[in-house]
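Here is what each chain is made of, one letter per residue.
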Amino acid sequence: MPIEKIIVVEDDIILRRNLESQLRQRRCDVLAVPTLAQAREALAKDTFDLVFLDVRLPDGQGTDWLKEIQQRPLRPLVAIMTGFASVESAVDCMRHGAFDYLIKPFSDNQIDVLLKKAEDFTHILRVNQFLSKDAGENEPELLGRSSAMDELRQLIRQVARTQATVLIQGESGTGKELVARALHKESPRASAPLIKVNCAAIPENLIESEFFGHEKGAFTGALSKREGRFELAHGGTILLDEISEVSPAVQAKLLRVLQERELERVGGSRTIKVDVRVIATTNRRLEQSVQRKEFREDLYFRLNVVPMQVPPLRARREDIVPLALHFLEWAARKHGCAAQRLSDECLRILEAHAWPGNVRELQNVIERAVILAGESAIVSPVHLCLTALPGLTPVADQPAAEGSVTPAAGASADFPPLHELEKRHILAALERCHNNRTQAAKLLDISVRTLRNKLVEYHGPSAGEQTTEGSQATH
């Protein structure tokens, strides 16, 4: 994070002006004051990144104000300056929160080193605060022993070591985020942060601020400066999850960041350089979105440097049982249940199911079954609670070609095409939720915006405008 706003609190006018001049040459916004009272007043009105604080001042001891600063929720870093250095003084200042300790007179090189340390420390601090929200159990693996998954893992290893932008496409629940994490983990940036932006979950009026950050006062509620996700990902990787949900206005600004690797915060004029590797995911066919003028063609080509397609679960049926056994062990451990194995009938049912929700649906089914099995060591079919979608014939009863994924456009009525199954599934969810879109979206594990887009696709623009989130939708 760049150190942008600095207070210099020093009563020696020559030193104060020299330090102010040095910092301004480094393009910092500097306020230089001779007293603690003026410094307190400035900090009460605005936020700062760094304070250069003299120990002895006309109206008090700088060390006393140092202790006050540590009680603030948005406290700046503090560099203590003194001409009367001692080991005891240095230890006391560091114990009370000082970031650094400078002995007068100090050189230009010392200022440069301090600013670089402060930038690195601030970046690590902000990233840790962001990532701590997602801290939890161990990161899931990209599992599967099918040829499709072997090919995908080989492509990941090949692409990961490059800096190329990657577009990962696939149906909901296939594990696109796991592919993105694998790309980051095997890349030269693995030690730097992987910052995720769920484009579908962020309100449209806030997504620009989430991407690029904002300055204090940029809009109502912007009480302090905030770094955006691109800044947080500096040196690492940014994952733009469900990129198809970004509005055209933000797409234009996103294109500039991808082309120039620079941005401006909302409400700001300072250009900030960022070094990030971009990975985007989508469950929609972006080529069709481009044709419908919903997604910028130039942004699509900028993202689609290396395309990756994550296969649906029905295209790798040999992975169903191994995945189910993995989720069985995971769910039993998570919930402290006794379930140890799946019955033979369960395995047959799992292999025959169509899995429109892919791996995520399989995980949810197994977790539910483990909970319902309770103290029983064996999961039986009744615990699975699997019901076929309307008009869906069990896969085991249908002729299937090796490696077949979707039927042809002229498929027979007893084997409807995938998009028709998806439509029936969505409408069945709406019916179960009494046409409440918010509840249906939660049941389907998709965003309300994605559900609205699907309804528009099925019934035209009026279907997406008839209701608001949480209200009744007609189908």
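All figures in this text were calculated on a predicted structure; none of them were measured in a lab.

> What's the story with the sheet that holds strand β12 (residues 237-241) in this structure? I'm lost.
Sheets are built from strands paired through backbone hydrogen bonds, the pairs being either parallel or antiparallel. What the five strands build is an open sheet, ordered β9-β12-β15-β8-β16; its pairing is parallel. The strands lining the two open edges of the sheet, one partner per strand, are β9 (194-198) and β16 (306-309). For this sheet the average axis-to-axis angle between neighbouring strands, irrespective of direction, equals 20°. As paired strands, β12 and strand β15 (residues 277-282) are joined by four bridges and run parallel to one another. Among the inter-strand pairings, L240 is bridged to a residue of β15, identified as A280. Sitting on the sheet, helix α6 (residues 147-160) is in contact with β8 (166-169), β15 and β16, with an inclination near 160° to β16.

> Hey, could you run me through helix α14 (residues 344-352) in this one?
The periodicity of an α-helix, 3.6 residues per turn, causes residues three or four places apart in sequence to face the same way. Where α14 is concerned, the buried positions are C346, L347, L350 and A352. Buried positions along α14 lie against α13 (320-335), β17 (341-342), α15 (358-373), β18 (378-379) and α16 (381-384).

> Explain the nonpolar core here, please?
As a rule of thumb, soluble globular proteins bury nonpolar side chains together. Judged by nonpolar contacts, the single largest core of 33 residues is most densely connected at F211, F230, L240 and I243. Mapped onto this core, the elements with two or more residues apiece are β9, α8 (207-212), α9 (229-232), β12, α10 (248-260), β15, α11 (286-291) and α12 (297-303). Top contributing element to this core by residue count: α10, with five residues. Listed in part, the 25 residues of the second largest apolar core include L328, L350, V365 and L384.

> Before we go on, may I ask you to explain the confidence of the model for the protein in this structure?
Detailed conclusions should not be drawn from predicted coordinates in areas where pLDDT is low. Residues at a pLDDT of 70 or more form 87% of the protein, whose mean pLDDT is 84. Within the model, the stretch residues 389-414 combines pLDDT values under 50 with 29 contacts to residues more than four positions away or in other chains. This stretch, residues 464-475, has a pLDDT under 50; its non-local contacts, to residues over four places away or in other chains, come to 26 contacts.

> Would you mind going over the sheet that holds strand β6 (residues 77-82) with me for this structure?
Read across the sheet, five strands follow the order β2-β1-β3-β6-β7 without closing on themselves; strand pairing throughout is parallel. Single-partner strands in this sheet number two, and they are β2 (29-33) and β7 (100-103). Averaged over neighbouring strand pairs, the angle between their axes works out to 15° when direction is ignored. Pairing analysis gives four bridges linking β6 to β7, with the strands arranged parallel.

> Would you explain the packing of aromatic side chains in this entry?
Two aromatic rings, taken as a pair, are described by how far apart their centres are and by the angle between their planes. Applying the stated criterion to the full structure yields five aromatic pairs. Note on F99 and F121: the rings are 5.4 Å apart at their centroids and 50° apart in plane angle, and the pair reads as tilted. You can see F99 sitting in the loop between α4 (87-95) and β7 and its partner F121 sitting in helix α5 (residues 108-131), a full 22 residues away along the chain. Taken together, a centroid distance of 5.3 Å and an interplanar angle of 55° make the contact between Y300 and F301 tilted. Grouping aromatic residues by their ring pairs yields a cluster made of F211, F212 and F230. Seen from the ring of F48, K5 lies directly overhead, with NZ or CZ sitting 5.4 Å from the centre. Above the plane of the ring of F84 lies R56, whose end atom (NZ or CZ) is 4.1 Å from the centre.

What counts, and at which threshold
Residues numbered from 1 in each chain as written. Predicted model: local features only at pLDDT ≥ 70, side-chain atom pairs only at ≥ 80, totals over all residues. Heavy atoms only, no water. Pairing = 2+ DSSP bridges. Helix = DSSP H or I, 4+ residues; strand = E, 2+ residues; numbered from the N terminus. Axes fitted to C-alpha atoms, helices over the stretch in contact; angles between N-to-C directions. Contact = heavy atoms within 4.5 Å. Buried < 20%, exposed > 50% of the residue type's maximum accessible area, 1.4 Å probe, protein only. Core = buried A, V, L, I, M, F, W, Y, C linked by side-chain atoms within 4.5 Å. pLDDT = per-residue confidence, 0-100. Phe/Tyr/Trp six-rings, centres within 6.5 Å; stacked < 30°, edge-to-face > 60°. Lys NZ or Arg CZ within 6 Å of the ring centre and 35° of its normal.

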